[in-house]
Structures are given as C-alpha cells and as structure tokens.
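# Summary of structural features
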Amino acid sequence: MNQYTIDVDAKGRYSNSRGKCMARMNEGVQKQSMIQVSNIERFATHDGPGIRTTIFLKGCTLHCPWCANPETWSIQPVLLHDASKCIQCRRCETICPNHAITFPFTWKQDLCSDCRKCEDICLAEAISFSGRKMEIADLAAEVCKDWDYYEQSHGGVTISGGEPFTQFEAFLALLKACKAAGLHVAVETTGNFTQEKLLQALPYIDCFLMDCKHLDADKLAAVTGGNLALIQANFAYLSKHCPDKVIVRMPVIPRFNEDCCKDVIDYAKSLHFKEVHLLPFHTMGKSKWHQMQKDFHYEKDAMMDKESLLPYVDYGKARGIHVQIGG
Ligand code: SF4
Ligand code: SF4
C-alpha cells in the first residue's frame, strides 16, 4: 500500500476514517491549489494539544538571528550544502546549467532554476533542498494519514513556518481544507501581518501559538524586522474576541530579551490570555546556517538552561496565569 492509498468499499465509498478525512478536505480545496512547503513532521507533541502533524511552510517576513529554521525564510527553494560530507569533486558545479554553484562552495539563489541536477549528481549526499511545491490535495492526504491518532489524543494539525501568513492565499485554502475535514487547527505565528488577514483566517483557526518576542518597538524592528504595532493590534483583537484561543510564546534569547520575561507575562495577563510559554534559547538550527553559508550570530552561546526560567512559573502563578517552560 503506498502512502496515499485510502480504503474504498465495493460501492466506491471511503471505508475508513482516513479516507473520509481526505474526502472532506478535498471538498474544501480548489483544484491545482499549490503551496511551498519546507517540511512535514508527523507525531509532533510540542506544537499544540495531543498528537499532531506540523506543516512548515516557506516564507517569513522577519529575520530573527536565532532562527532554528532559516531555510524557511525564502518562499523559493533553498540549497543546503553539508561541508562535512562534501568530497570536493565539483560535479555539482560542472552540471549546473546556470552557473549557480561556484567554489569554494557558493550557491546563488537568483541564478538557480531549481532543476536539482546538482542534488542528483552528488554521490556524497552533501546537497539537499528545502522547499517543494505541493498541491494542497496532496498535503491533505499526508495530514489525514494520522487521523486515528488525532482522534485518540485530541490532536490535529499545526501550521508553522517560516510565517504561515506569508503565502496567504494558499495558507487560507489549506486552513479551509483542514477545517472542512473537522481537524483541530493550530497556527504558529509571529503575528506580523495585517488585521485584514487575521479576520479572514480567524474562523478556521482553533489555537494561535503567537510569538511575543519583545515589547520595545525599536529593538524588535532592529533585530527581527518585526512591526510591534501590527503584532499588538492582532493581540488586542484576539484578546477582545477569543482570548481562549491564544497561547503567547516568547523565545528567550541572550542579550535580546532575557530580562523581559516578566514584562511579557504581565502583557499577556493584561490581555486576559491564560497561558505563556517561555522557550529557552537553543542552538539546534546552527548547522542549517552553516549549510546556507551564513554566519550564525550565536556561535559561541550555549543552550539556555531550562532551570534558569523556572522562577517565572511562580511569577505567573502569583498573577493567575499559567507559565510553561518549553512549547
Ligand atoms: S557534487 Fe557533492 S561532493 Fe561533489 S563537490 Fe558538489 S557538493 Fe561536494
Ligand atoms: S538546482 Fe539546478 S540550477 Fe540550481 S544550483 Fe542545482 S543544478 Fe544549478
């Protein structure tokens, strides 16, 4: 049975729950709706309630220097080159029809036509790509594979990125398809988008895992490119209309916001949100920066000790708001 096979009975009806899920999702999908996907992670347990499938979409409007997924920033596919595997045979350079690869290994995205001949010819498997255009119907099939687990664990699908709102029309189509299938839908987001987009997407989202990275507009803009006014307008709208849908997330980053945790907890409390997740700084995305031939800003920083954030759990408890360390 291949991964997209679904069970159909003698009368041509879908005969299992996965098939019914797919059928309902596809009813909500326009034919040929395409979306750029970076990765799909099954059996995720940190991106919302229960067991989930997390879809990482391409494209982001911010550029946080600690980002664990820098390959998602560009909507277009991105080449990752693993120097530790590369045997310097230069077959990739030779085969590239557009001279997008030169040595010492450099890849020019603006010259690349995404033919992937370089990936195919690399015997050392040193080249990979982040990004593939998928039909939303195929994404639906992928998501519905684990329908039984969602039902048993009260899980569902989480749409992450990048920033999911960046490919807005396709993202909206995906949201509608997920809701048509009866899935619980969580969205991991920066909140850095217009309220017009929020209003269109809101009916199809059950849970916002929404970042609050900093409350100083100048610092946020300088370091991440984020627009605090936009983000706070979205927080305010959600606070007024559906505060129970929101979990505020704060990546705690050395020398950027590590002294702002109390301010963010107070801010979340003032907006009647019930939960804040403090996400300790980690370096798990470091190799991706290297594979994109970029400097990682936090090269010398160690992973943050979770214990150091525990006092904020009590700080929240004293104020009637649940603070969790980690997602
Ligand atoms: S083909 Fe692969 S191993 Fe050879 S130079 Fe290119 S990346 Fe390195
Ligand atoms: S995908 Fe094609 S055009 Fe792009 S770098 Fe590889 S060989 Fe060159």
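Look up a bit, the structure's there.
Below is a summary of the structure that appears in this document.

Moving on, we come to the sheet that holds strand 7 (residues 132-135). The mixed open sheet is built from nine strands, whose spatial order is 7-1-2-8-9-10-11-12-13. The open sheet is flanked by strand 7 and strand 13 (322-325), the only strands paired with a single partner. Recorded for the sheet is a direction-independent mean angle of 30° between the axes of neighbouring strands. The pairing of strand 10 (residues 207-211) with strand 11 (residues 246-252) spans four bridges and is classified as parallel. Each bridged residue has a counterpart across the sheet, and for Phe208 the counterpart in strand 11 is Val246. Set on the sheet, helix 4 (residues 136-144) makes contact with strand 1 (34-44), strand 2 (52-57), strand 7 and strand 8 (156-160); between it and strand 7 the angle comes to about 85°.

Now for the site of ligand 2. In the vicinity of ligand 2, 14 residues are found, and the nearest of them are Cys96, Ala100, Cys112, Cys115 and Cys118. Of the residues in the shell around ligand 2, the class split is nine nonpolar, two polar and three charged.

If you look at the biggest cluster of nonpolar residues, it comprises 66 residues, and the most contacted ones within it are Leu174, Cys178 and Val248. Of all hydrophobic cores here, the second largest spans eleven residues; its members include Val78, Leu79, Ile101 and Cys122.

The immediate surroundings of ligand 1 are formed by 13 residues, with Cys86, Cys89, Cys92, Cys122 and Ala126 found nearest. Its residues assigned to classes, the shell around ligand 1 comprises nine nonpolar, two polar and two charged.

Following Phe103, the chain continues into Pro104 via a peptide bond in cis, with omega recorded as -5°. Of note, Pro104 is situated in the loop between strand 4 (101-102) and strand 5 (106-107). A cis amide bond links Gly161 with the next residue in sequence, Gly162, at an omega value of 10°. Structurally, Gly162 can be placed in the loop between strand 8 and helix 6 (168-180). The phi torsion at Arg255 lies on the positive side, around 65°, for a residue other than glycine. Tracing the chain through its elements places Arg255 in the loop between strand 11 and helix 10 (261-270). Of the residues examined, Arg255 has 11 C-beta atoms within 10 Å and is grouped as exposed.

Attention shifts here to the packing of helix 4 against helix 6. The packing of two helices is summarised by the inter-axis angle and the distance between the axes. Look at helix 4 against helix 6: their axes get within 11 Å of each other, and the N-to-C directions meet at 40°. Classified by the angle between their axes, helix 4 and helix 6 sit oblique to one another. The way helix 4 lies across helix 6 gives a crossing that is right-handed. Listed contacts from helix 6 to Ile136, Leu139, Ala140 and Val143 of helix 4 are Ala170, Ala173, Leu174, Ala177 and Cys178. Among the residues making up the contact of helix 4 with helix 6, the classes are represented as nine nonpolar, no polar and no charged.

Next up on the list: the environment of Ser128. For Ser128, the position within the fold is in strand 6 (residues 127-130). Using a count of 16 C-beta atoms within 10 Å as the deciding quantity, one classes Ser128 as partly exposed. Look past the residues within four positions of Ser128 in its chain and what remains in contact with it is Leu80 and Glu119.

With their axes 11 Å apart at the nearest point, helix 10 and helix 12 (residues 311-318) run at an angle of 30° to one another. The angle between helix 10 and helix 12 falls in the class roughly parallel. Relative to helix 12, the crossing made by helix 10 is right-handed. Contacts from Cys261, Lys262 and Ile265 of helix 10 reach helix 12 at Tyr312, Tyr315 and Gly316.

Reading the values: rules and limits
- Residues numbered from 1 in each chain as written.
- Chains lettered and ligands numbered in written order.
- Predicted model: local features only at pLDDT ≥ 70, side-chain atom pairs only at ≥ 80, totals over all residues.
- Pairing = 2+ DSSP bridges.
- Helix = DSSP H or I, 4+ residues; strand = E, 2+ residues; numbered from the N terminus.
- Axes fitted to C-alpha atoms, helices over the stretch in contact; angles between N-to-C directions.
- Contact = placed C-beta atoms within 7 Å.
- Near = placed C-beta within 6 Å.
- Nonpolar A, V, L, I, M, F, W, Y, C, P; charged D, E, K, R; others polar.
- Core = buried A, V, L, I, M, F, W, Y, C linked by C-beta atoms within 7 Å.
- Buried ≥ 20, exposed ≤ 12 C-beta atoms within 10 Å, placed from the backbone.
- Parallel < 35°, antiparallel > 145°, perpendicular 65-115°, else oblique.
- Left-handed = near helix turned anticlockwise from the far one by under 90°.

Shape descriptors only; they carry no functional weight alone.
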